[in-house]
Amino acid sequence: MSLASDLAIRSNNVCELCNSENDLSIYLVPPKVEESKEHCLMICQSCKEQVNGEIEIDANHWRCLNESIWSESTAVKVLAHRMLKRLETEAWAQDLLGMMYLEEDVLEWAESENTGAKIIHKDANGKVLQAGDSVVLIQDLKVKGANFTAKRGTSVRRISLDRNNANHIEGRVNNQHIVILTQYVKKSN
């Protein structure tokens, strides 16, 4: 039997994450490179685009993971765990993560560096930010743990990006290294 046939049988011809029957394809869960039944799952186009960071995550779409976390397929559990981690700000996602159990080697795979999903940082206007960019604060920000307020209009040069959170960047203001929420900055030209 081919991999596609094996996955079609295992998945009952539906997306193994959301149960959609439309636009199904085989998805190899990174950083695995061997296309096998253990490393792949059947996934719909909508899930695939969100997993890969091609489109913005629709949190309500991922409520389907309350069933997927119980899958017997390791690849499905790994991808479900990764998406729940990306949705950690949602209370229901935190609850599902708390219920989920992964063996140590599976958890290591789920938390591996190369998740295949790109975290995209965007400023308040939706412009994509990259490491080394300059931004301007669009609002006065009281800096926690310091005795100053970063004033609106302050330029922050050579920002760095938080690789785990699309809403956080880092930079120096008043000779102090601080974390800044992307919603309070706009990219300088």
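Attention in this report is confined to the structure presented alongside it.

Rules used in this analysis
- Residue numbers run consecutively from 1 along every chain, following the written order of its sequence.
- Residue-level local features of this predicted model are given only where pLDDT is at least 70; pairs of side-chain atoms are given and counted only at 80 or more, and the full residue set underlies all totals for whole chains, interfaces and linings.
- No hydrogens and no water enter the side-chain calculation; it runs on all heavy atoms of the structure.
- As used here, the term nonpolar core means buried Ala, Val, Leu, Ile, Met, Phe, Trp, Tyr and Cys residues forming a set that is joined through side-chain atoms within 4.5 Å.
- In this scheme, a residue with accessible area under 20% of its type's maximum is buried, one over 50% is exposed, and one in between is partly exposed, where area comes from a 1.4 Å probe on protein chains only.
- Under the DSSP-based scheme used, a helix requires at least four consecutive residues in state H or I and a strand at least two consecutive residues in state E, with every element numbered from the N terminus.
- Pairing of aromatic rings covers Phe, Tyr and the six-membered ring of Trp, with a centre-to-centre limit of 6.5 Å; geometry is then stacked below 30 degrees between planes, edge-to-face above 60, and tilted otherwise.
- Throughout this description, the term charge over a ring refers to an Arg CZ or Lys NZ atom that lies within 6 Å of the ring centre and within 35 degrees of the ring normal.

**Here we look at the nonpolar core**
Working step 1: Membership of the largest hydrophobic core comes to 32 residues, with the highest contact counts inside it found for Leu-17, Trp-62 and Leu-84.
Working step 2: Elements represented by at least two residues in this core include exactly strand E2 (40-44), helix H2 (45-51), helix H4 (74-86), helix H5 (91-99) and helix H6 (104-110).
Working step 3: When residues of this core are assigned to their parent elements, the largest contribution, 7 residues, is made by H4.
Working step 4: Of all hydrophobic cores here, the second largest spans 15 residues; its members include Val-135, Ala-146, Ile-159 and Ile-169.

**Concerning the packing of aromatic side chains**
Working step 1: Taken as a whole, this structure holds 0 aromatic pairs when the rule is applied.
Working step 2: The ring of Trp-109 carries Lys-32 above its face, with NZ or CZ at 4.9 Å from the centroid.

**As for unusual backbone geometry**
When glycine is set aside, most residues are seen to have a negative phi, and most peptide bonds are trans.
Working step 1: Across the junction of Pro-30 and Pro-31, the peptide omega takes the value 0°, indicating a cis bond.
Working step 2: Along the chain, the position of Pro-31 falls in the loop between strand E1 (24-28) and E2.
Working step 3: Phi at Asn-12 is positive, roughly 60°, even though this residue is not glycine.
Working step 4: Along the chain, Asn-12 falls in the loop between helix H1 (3-11) and E1.
Working step 5: The exposure class of Asn-12 is exposed, given its relative accessible area of 62%.
Working step 6: One non-glycine residue with positive phi stands out, namely Asn-174, at about 55°.
Working step 7: Within the secondary structure, Asn-174 sits in the loop between strand E10 (168-173) and strand E11 (176-181).

What is shown is where atoms sit, not what they do.
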